[in-house]
Amino acid sequence: MVGVTGSPGSLTALHRAAAEARVRDAELRVVLAWQSPGGELGSRNGLGSAALEECRAAAVERLREVLDTAFGAAKAGVTLAGLTVRGTAGAALVDTARDPEDLLVVGTGSRAPLRRLVRPSVARYCLVHAACPVLVVPPSPLQAELQSVHRRNVWRIPLDPRELAP
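What counts, and at which threshold
Residues numbered from 1 in each chain as written. Predicted model: local features only at pLDDT ≥ 70, side-chain atom pairs only at ≥ 80, totals over all residues. Heavy atoms only, no water. Axes fitted to C-alpha atoms, helices over the stretch in contact; angles between N-to-C directions. Helix = DSSP H or I, 4+ residues; strand = E, 2+ residues; numbered from the N terminus. Left-handed = near helix turned anticlockwise from the far one by under 90°. Contact = heavy atoms within 4.5 Å. Nonpolar A, V, L, I, M, F, W, Y, C, P; charged D, E, K, R; others polar. Salt bridge = Lys/Arg side-chain N within 4 Å of Asp/Glu carboxyl O. Buried < 20%, exposed > 50% of the residue type's maximum accessible area, 1.4 Å probe, protein only. Polar contact = N/O pair within 3.5 Å; in protein donor to acceptor, adjacent residues only side chain to side chain. Parallel < 35°, antiparallel > 145°, perpendicular 65-115°, else oblique. Disulfide = S-S within 2.5 Å. Expected span 1.5 Å × (residues − 1).

A. Geometry of the packing of helix α4 (residues 89–96) against helix α6 (residues 122–129). In contact at an axis separation of 8 Å, α4 and α6 are set at 35° when each is read in the N-to-C sense. In the crossing of α4 with α6, the sense of the turn from one axis to the other is right-handed. When α4 is examined against α6, the residues Ala89, Gly90, Ala91, Leu93 and Val94 are found in contact with a partner set consisting of Val122, Tyr125, Cys126 and His129. Residue composition of the contact of α4 with α6, grouped by class: 7 nonpolar, 2 polar and no charged.

B. Structural view of the pattern of salt bridges. Considering all chains together, one arrives at 6 salt bridges under this definition. Ionic pairing is found between Arg62 and Glu65, a salt bridge with its closest N-O pair at 3.3 Å. Of this pair, Arg62 and Glu65 are both found in helix α3 (residues 49–71), 3 residues apart, which corresponds to roughly one turn of the helix. Classification of Glu65 as partly exposed rests on a relative accessible area of 36%.

C. Examining the side chain of Thr96 more closely. The residue Thr96 is located in helix α4 in this model. Among the polar contacts listed, one links the side chain of Thr96 to the backbone oxygen of Ala92, at a separation of 2.6 Å. Apart from residues no more than four positions distant in its own chain, Thr96 is found in contact with Met1, Arg29, Val31, Leu83, Val85 and Asp102.

D. Inspection of the packing of helix α1 (residues 8–24) against α3 at higher detail. Across the interface, α1 lies against α3 with an axial gap of 10 Å and an inter-helix angle of 70°. It follows that α1 is roughly perpendicular to α3 by the angle criterion. Side by side, α1 and α3 meet where Leu11, Leu14, His15 and Ala18 of the first sit next to Val66, Leu67, Thr69, Ala70 and Phe71 of the second. Residues belonging to the contact of α1 with α3 are distributed by class as follows: 7 nonpolar, 2 polar and no charged.

E. Up close: the state of the cysteines. Per the stated rule, a full pass over the model turns up 0 disulfides. We note that Cys126 lacks a disulfide partner, and the nearest cysteine sulfur, in Cys132, lies 8.5 Å from it. The class for Cys132 is buried, based on a relative accessible area of 7%.

F. Looking closely at the environment of Arg62. By relative accessible area, Arg62 is classed as partly exposed at 34%. Ignoring any residue separated from it by four or fewer positions in sequence, one finds Arg62 in contact with Thr5, Gly6 and Leu32. A polar side-chain atom of Arg62 sits 3.2 Å from the main-chain carbonyl oxygen of Thr5.

G. Molecular detail of α1. The terminal C-alpha atoms of α1 lie 25 Å apart, and with 17 residues this matches the ideal 24 Å at 1.5 Å per residue to within 8%. Among the residues making up α1, those that are buried are Gly9, Ser10, Leu11, Ala13, Leu14, Ala17, Ala18, Glu20 and Ala21. Check the buried side of α1 and you find it contacts β1 (2–3), β2 (28–34), α3, β4 (104–107), β5 (134–137) and α7 (141–154). Note on α1: the residue one or two positions beyond its end, Asp25, has a positive phi of about 50°.

This is how it looks when you write it as structure tokens:
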């Protein structure tokens, strides 16, 4: 089982989960968690069933896009089962991966200090609460380089030619 959002880190985790499923000759369950606008508070304030159905449909479409982005025309090489679950990401993944025989694969997410304050770590939540083994996949080295270039561009830091590979 793997949790996805469509972020580069979750796509890395998805590819790792597909490789693990191929090795184990197992079905890969791909889970995308979603919440209603305003979170649980929004649903308590009388959000209609039509609006909730629209949110669920948007989550299903997002899951299709993630799978298409990850695998495109090439097949994953394993049987895929997509699942959208209403709730916070960590709780949805832990509730879905109840069997001790499951393997839950998650990405590490952002390591930026400000983001960690605003948004709790899904990987950490899963490690603490899951009833099955959890594999936490670090971001791709390419993603770290991309973020470094983005920061350099935002702060308008000139490129040092010595940093370029020969």
